[in-house]
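Results of the structural survey
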Amino acid sequence: MSDAALTSICYFNGQWAEGEVPLMTSATNAAWLANAVFDGARAFEGVAPDLDLHCQRVIRSAEGLLMKPTLTWQQVLALAREGIAKFPADAPLYIRPMFWAESGLVAIDPDSTRFALVISKMPLPDPNRGFSLCLSPYRRSTPEQMPTHAKAACPYPIAGMAIADAKKRGFDNAVMRDLVGNVAELTAQNIVLVKDGVVYTPVPNGTFLNGITRQRVIGLLRDAGVTVVERTIRPEELLEADEIFSTGNHGKVVPCVRYESRALEAGPMYRQARELYWAFAHSRSAVSARG
């Protein structure tokens, strides 16, 4: 039965528990060598858009770091729906399945792969507030330097440093570049800009995840007749953009209202993208939150 007072639950070792659950020991490989992957999905307003795709990606991420996932994506999906059903139907939730290596010295023992699923109440960001952006001095790695093909834990400390630097400078978030200086993404979201009615977004080049929400929004806009161009974007183009907005699991589609010293509007293309996404999320084609 759903519980309005419930804030977080965790599935681990075959059972659900409320609140924070210890997952690792001092000997756990992932605790000191970062061999861990996760994914993030959302449930809100009684829906969980693309929940199946997030469950599929966490399996691919685990396999990409040479782990042996202990569940199929269908089993992860079933558990996620089971957990979602423990909360009120309209609760805004963050759904985080995780795999990690329990043992191994540098090279992991694939057979030691463990799994947990955490579901927590987490409000969506207020789209009316938007966010501010600056250009970060920190950059994304190439596939030869970091497992960028997976949603792994190890790239996130640099994102944390980038967002901490941005906040010290009075901004909410930061634009991260790739190693040759082109725009890659934000600290944990994909970036979209609009110029003269055309939508532009960095072409996936192996330095950032081609986000599930990113792909969904691009498809929805193209189906609506909007021209969406994926190409290399230089940082100076952000200074001339008519609109900038982000796509990502945490906030879905959120507008940038200031880039560096430039004030920006939550413009018509952002509003169309958000409306299209919300319509998709509540459509029959979206995967049900509760099965």
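A brief structural summary.

Here is what the cut-offs are and how they apply
- Residues numbered from 1 in each chain as written.
- Predicted model: local features only at pLDDT ≥ 70, side-chain atom pairs only at ≥ 80, totals over all residues.
- Heavy atoms only, no water.
- Salt bridge = Lys/Arg side-chain N within 4 Å of Asp/Glu carboxyl O.
- Helix = DSSP H or I, 4+ residues; strand = E, 2+ residues; numbered from the N terminus.
- Buried < 20%, exposed > 50% of the residue type's maximum accessible area, 1.4 Å probe, protein only.
- Phe/Tyr/Trp six-rings, centres within 6.5 Å; stacked < 30°, edge-to-face > 60°.
- Lys NZ or Arg CZ within 6 Å of the ring centre and 35° of its normal.
- 1 Å grid on protein atoms, 1.4 Å probe; cavity = no way out; pocket = protein on both sides within 12 Å on 5 of 7 lines; lining within 4 Å.
- Points joined across faces, edges and corners; volume = space filled by probe spheres on them.
- Nonpolar A, V, L, I, M, F, W, Y, C, P; charged D, E, K, R; others polar.

The tally for this structure, following the rule as stated, stands at 12 salt bridges. Across the pair K68 and D111 runs a salt bridge whose closest N-O atoms are separated by 3.1 Å. You can see K68 sitting in the loop between helix 2 (51-64) and helix 3 (73-84) and its partner D111 sitting in the loop between strand 7 (107-108) and strand 8 (113-121), a full 43 residues away along the chain. Taking relative accessible area as the criterion, K68 reaches 46% and is therefore assigned partly exposed. One salt bridge in this structure joins R231 and E237, with 2.7 Å as the shortest N-O distance. Judged by its relative accessible area of 28%, R231 is partly exposed.

Right, let's get into the packing of aromatic side chains. Under the defined criterion, the tally for this structure stands at eight aromatic pairs. Clustering of aromatic rings is evident, with ring pairs tying together F44, Y277, W278 and F280. Across from the ring centre of W278, 4.1 Å away, lies the NZ or CZ of R274, which sits over that ring.

Moving on, we come to the layout of surface pockets. By volume, the largest pocket is sized at about 970 Å³. If you list the elements that add at least two residues to the lining of the largest pocket, you get helix 2, strand 9 (131-139), helix 4 (156-168), helix 5 (212-223), strand 15 (243-248) and strand 16 (252-259). Broken down by element, the lining of the largest pocket gets its largest block of residues, six residues, from helix 4. Of the residues assigned to the lining of the largest pocket, the class counts are 18 nonpolar, 18 polar and 11 charged. Its boundaries defined by the atoms lining it, the second largest pocket holds a volume of some 190 Å³. In this structure, the second largest pocket is lined by L53, Q56, R57, R60, S61, H149, L209, N210, I212 and Q215.

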